[in-house]
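# A look at the structure
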Amino acid sequence: MISSVFQSPGKIIYGQGTVKQIGEETKKYGKKVMIVTGKSSSKKTGALDKVIDSLKVENLQYIIFDKVESHPSVDTVELGTSIAKEEEIDVIVALGGGSPLDAAKGISIMLTNSGSIVDYEKKQPEVHGVPVIAVPTTAGTGSEVSKFIVITDTRRKVKMLIGGEALIPKAAILDGELTLMVPPDVTAATGMDALTHAIEAYISKKAQPATSVQALSAIKLISENLAKAVQNGENMDARNNMLFAQMQAGLAFSNASVALVHAMSRPLGAYFGVPHGLANAILLPRVMEYNRAACPEKFRDIAKTMGENTAGLSLREASNLAVKAVKELYAETGLPVKLRDVGVKEEMIETLAKDAIKSGSALVNPRKSSLEDLIDIYKSIY
Ligand SMILES: [Fe+2]
């Protein structure tokens, strides 16, 4: 076995009702809390009230930073950091989907490291951030367990992928109840993001035994639960299973990296504001077709894990079933399938491909790709 490192938060608390443990976990790191959340959804769904109730039980002081937009920007991280400094906070509770969680982790490292968040696109932050207790309210990004964030530099129109051990939250708290109000389209897109994390981590050149176990478990749970969660949002079992699965997918990609789908989806977000999960969902089946022949054994594993019968089939036939299974699952979500349906302009495809090929995620893709390959892929799903 090749030597590998597997990093994760110190504690992962999961299951229904665990939202009540937020106060108890948070108080270990100090008295003054900053809750970092989005502009409205955690208020509408009642998730924010549940967090506040739990903090009050432990007599913790709190302030709320609720300015995080989707595709969180450098400006938002800077604003949150200056407020956190002024208020001398001890600990951050990050509440919401991937955007608030990423912004909170960005603020956390900027409280302990020098310079600007933009500097950390090229180098890892050295000092651990202010402790973060991460509480996801969507089942998708896995940010609550990962060492990555994506912050948008609006001036350069670049989604910066920033990574490092210093960004791993102290604890993740996963309560499916907080995801019950997520609408079907967001459930679908975030779930497809999680599936993409799991598949890309499994086929990544940086895959390792500890990530592959997590990735395959996530693929199985997502294939069994995503359509149920989309079609009946009140299905508590499906919600808890999806939340657990996306956490496993998060652990997998945080340690094994994502690959070409993510390299190609980030420019779609940066130039056209396509939601991250939706951009991945549109790309995933086509990029799987492109990658299949580079690692057919792994594709056969994915097909089996998604319940396909591969007995008696050739490796080619069995590996193709993985692509078929993902296409079928995707069809059940009802999401758009073409880039033109989500506002992408055809004349920008070359620019998108040039940005995507520069991404580190493209380098760990199992198939070595050229600029022309990426242009072809974008065109074929336009
Ligand atoms: Fe993602």
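Not measured: the values here are computed from a predicted model. (Residues numbered from 1 in each chain as written. Predicted model: local features only at pLDDT ≥ 70, side-chain atom pairs only at ≥ 80, totals over all residues. Heavy atoms only, no water.)

## Quick look at the pattern of salt bridges
Between side chains of opposite charge, a pair can form when the charged atoms approach closely. Under the defined criterion, the tally for this structure stands at 17 salt bridges. As a salt-bridge pair, E87 and K32 come within 2.9 Å of each other at their nearest N and O atoms. Note that E87 is positioned in helix α4 (residues 74–87) and K32 in strand β2 (residues 32–38), a separation of 55 residues in sequence. Classification of E87 as partly exposed rests on a relative accessible area of 30%. A relative accessible area of 17% means that K32 is categorised as buried. Connected through shared salt-bridge partners, K11, E25 and K28 make up one network. (Salt bridge = Lys/Arg side-chain N within 4 Å of Asp/Glu carboxyl O. Helix = DSSP H or I, 4+ residues; strand = E, 2+ residues; numbered from the N terminus. Buried < 20%, exposed > 50% of the residue type's maximum accessible area, 1.4 Å probe, protein only.)

## Describing the packing of aromatic side chains
For the structure on display, the rule yields 3 aromatic pairs. Between F148 and F253, the ring centres sit 6.1 Å apart and the planes meet at 15°, which makes this aromatic pair stacked. One end of the pair, F148, is in strand β6 (residues 148–153); the other, F253, is in helix α8 (residues 236–256), and 105 residues separate them in sequence. Overall, the relative accessible area of 8% leaves F253 in the buried class. Seen in terms of ring centroids, Y271 and F272 are 6.5 Å apart; in terms of plane orientation they differ by 45°. Their pairing is tilted. You can call F272 partly exposed: its relative accessible area is 23%. The ring of Y202 has K298 sitting right over it, with the charged end atom 5.7 Å from the ring centre. (Phe/Tyr/Trp six-rings, centres within 6.5 Å; stacked < 30°, edge-to-face > 60°. Lys NZ or Arg CZ within 6 Å of the ring centre and 35° of its normal.)

## Side note on the sheet that holds β2
The strand order across the open sheet formed by 6 strands is β1-β8-β5-β4-β2-β3, and the pairing between neighbours is parallel. For this open sheet the edge positions go to β1 (11–14) and β3 (61–68), each flanked by a neighbour on one side alone. In this sheet, neighbouring strand axes are inclined to one another by 20° on average, regardless of whether the strands run parallel or antiparallel. One ladder, built from 6 bridges, connects β2 with β3; its direction is parallel. (Pairing = 2+ DSSP bridges. Axes fitted to C-alpha atoms, helices over the stretch in contact; angles between N-to-C directions.)

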